[in-house]
Amino acid sequence: MSSFVMCGALLNLFLLFLVIQFGSNNGSPAEQTLDLQNPNFFNPKLPPRTLSSNKKFEGSSELVNLRYHMGPVLSSPINIYLIWYGKWAPSQQLLIKDFLLSVSTFNHRAVPSPSVAEWWSTVSLYTDQTGANISRSVLIAGEYSDRKYSQGTHLTRLSIQDVIAEAVKSKPFTVDHKKGIYLVLTSVDVTMQDFCRAVCGFHYFTFASKVGYTLPYAWVGNSGKQCPEVCAYPFAVPGYMGGNGPGALKAPNGDVGVDGMISVIGHELAELSSNPLINAWYAGEDPVAPTEIGDLCEGLYGTGGGGGYMGQVMKDRDDRTYNLNGRRGRKFLVQWIWSPILKACAGPNAMD
């Protein structure tokens, strides 16, 4: 980042501070919340995440060789098929569905800026070889509840495909291999291969030998009782910090596990849409372990992020931390996404 841009960013932050502290002749700042109270802005310094393999690139594209590998992106209206594995409270399901439906909620009266829909606009900048952009239309096309734990309470990367196979064999859950993506969400009592140790979520595609079709899918688990300091970060911090380190931030919807899932879901959906068959947008030469558009910005939530800082985010009057507004008055904290235009991490709550 040039010194000119950095000075401009500092000037913008100083002017914003004056507006927040002393008011403005033009009314409240552009960032508004549905409780009609101006948010407080802050940039917390946080301890390093437990998953040391996370990649963050705050700099220019000279450091990031993100390339298009000629595969498809999800350019048609995206149909999400939700698979609820295990026991879920209706309030938790509603929270996750509100986030997903906020992607296509463009009405600024219903959802003020910075919004989830504006966040997804960065994802939609990615195109396929015909020039077609990733769709901005995201719908929940179907839901299936596997309350009886058909594959047990411990899953693997292979058995998750059996969960999907069980769902698509049921009625009226459909097979949608043209526009569909399958999102498997496991409850707090379900363990997953490498969960908490190496992953909080992942995406891939099903094998025809397992499911009968090649279907893009993602899995995200509720870490609330297993490893919130890893996968619900920064709403929980490692126990070794004790009283000497920064405290956990307050979850925007009061559910540490599910609020933590939201950012992981956003991360996986962005990558699933831009690299559904692992042959489209990614950095590196190994498609088995690609660095994708969410990986490049993991841990960054606002302007000034990096070096232990998560970036400029907001606090509401109840001290809940967030950076995006959603439908029905929801607030979410979601990581930024790598922009192919800016060649940098981007989000709608940017201050510069």
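Asker: Is there a simple way to explain helix α3 (residues 116-123) in this structure?
Answerer: Counting buried residues in α3 gives six out of eight residues, a clear majority hidden from the surface. Among the residues of α3, those classed as buried are Val116, Ala117, Trp119, Trp120, Thr122 and Val123.

Asker: Can you help me understand the environment of Ser113 in this one?
Answerer: Here Ser113 shows up in the loop between α2 (90-102) and α3. Between the C-alpha atom of Ser113 and that of Asn323, which follows or precedes it by 210 residues, the distance is 9.7 Å. Side chain to side chain, Ser113 and Glu118 meet in a polar contact 2.9 Å long.

Asker: Help me understand the sheet that holds strand β8 (residues 201-205), please; the structure alone is not making it clear to me.
Answerer: Sheets are built from strands paired through backbone hydrogen bonds, the pairs being either parallel or antiparallel. As summarised here, the arrangement of the five strands in space is β4-β3-β6-β9-β8, forming an open sheet in which the pairing is mixed. Here the strands that pair on one side only, and so sit at the sheet edges, are β4 (138-146) and β8. The average angle at which neighbouring strand axes cross in this sheet is 20°, direction not considered. Bridge count for strand β6 (residues 180-186) against strand β9 (residues 216-221) is five bridges, and the pairing is parallel.

Asker: Looking at this structure, I do not really get the sheet that holds strand β11 (residues 313-315). What am I missing?
Answerer: Strand order across the open sheet formed by three strands is β1-β11-β12, with antiparallel pairing between neighbours. Strands with a single pairing partner mark the edges of an open sheet, and in this sheet they are β1 (40-42) and β12 (321-322). Relative to β12, β11 is paired through two bridges, and the arrangement is antiparallel. Note on β12: the bridge partner recorded for Met314 is Tyr322.

Asker: Hey, could you run me through the nonpolar core in this one?
Answerer: Buried together is how nonpolar side chains tend to be arranged in soluble globular proteins. Core analysis: the biggest nonpolar cluster contains 78 residues, and Ile96, Leu185 and Ile265 have the highest contact counts within it. It is helix α7 (residues 256-274) that contributes the most residues to this core, eight residues altogether. Setting aside anything within four residues of it in sequence, one finds Ile265 in contact with Ile96, Phe99, Leu100, Leu183, Leu185 and Val220. Phe42, Leu249, Ala251 and Val313 belong to the second-largest nonpolar core, a separate cluster that totals eight residues.

Asker: What should I look at first to understand the pairing of β9 in this one?
Answerer: Successive side chains on a regular strand alternate, one facing one side of the sheet and the next facing the other. Taking burial as the measure, the six residues of β9 include six buried ones, the bulk of the element. Here β9 shows no split at all, with Pro216, Ala218 and Val220 on one side and Tyr217, Trp219 and Gly221 on the other all buried. Summarising the sheet, β8 and β9 pair through five bridges and their orientation is antiparallel. The residue bridging Phe205 from the neighbouring strand is Pro216, located in β9.

The rules behind these values
Residues numbered from 1 in each chain as written. Predicted model: local features only at pLDDT ≥ 70, side-chain atom pairs only at ≥ 80, totals over all residues. Heavy atoms only, no water. Buried < 20%, exposed > 50% of the residue type's maximum accessible area, 1.4 Å probe, protein only. Helix = DSSP H or I, 4+ residues; strand = E, 2+ residues; numbered from the N terminus. Polar contact = N/O pair within 3.5 Å; in protein donor to acceptor, adjacent residues only side chain to side chain. Pairing = 2+ DSSP bridges. Axes fitted to C-alpha atoms, helices over the stretch in contact; angles between N-to-C directions. Core = buried A, V, L, I, M, F, W, Y, C linked by side-chain atoms within 4.5 Å. Contact = heavy atoms within 4.5 Å.

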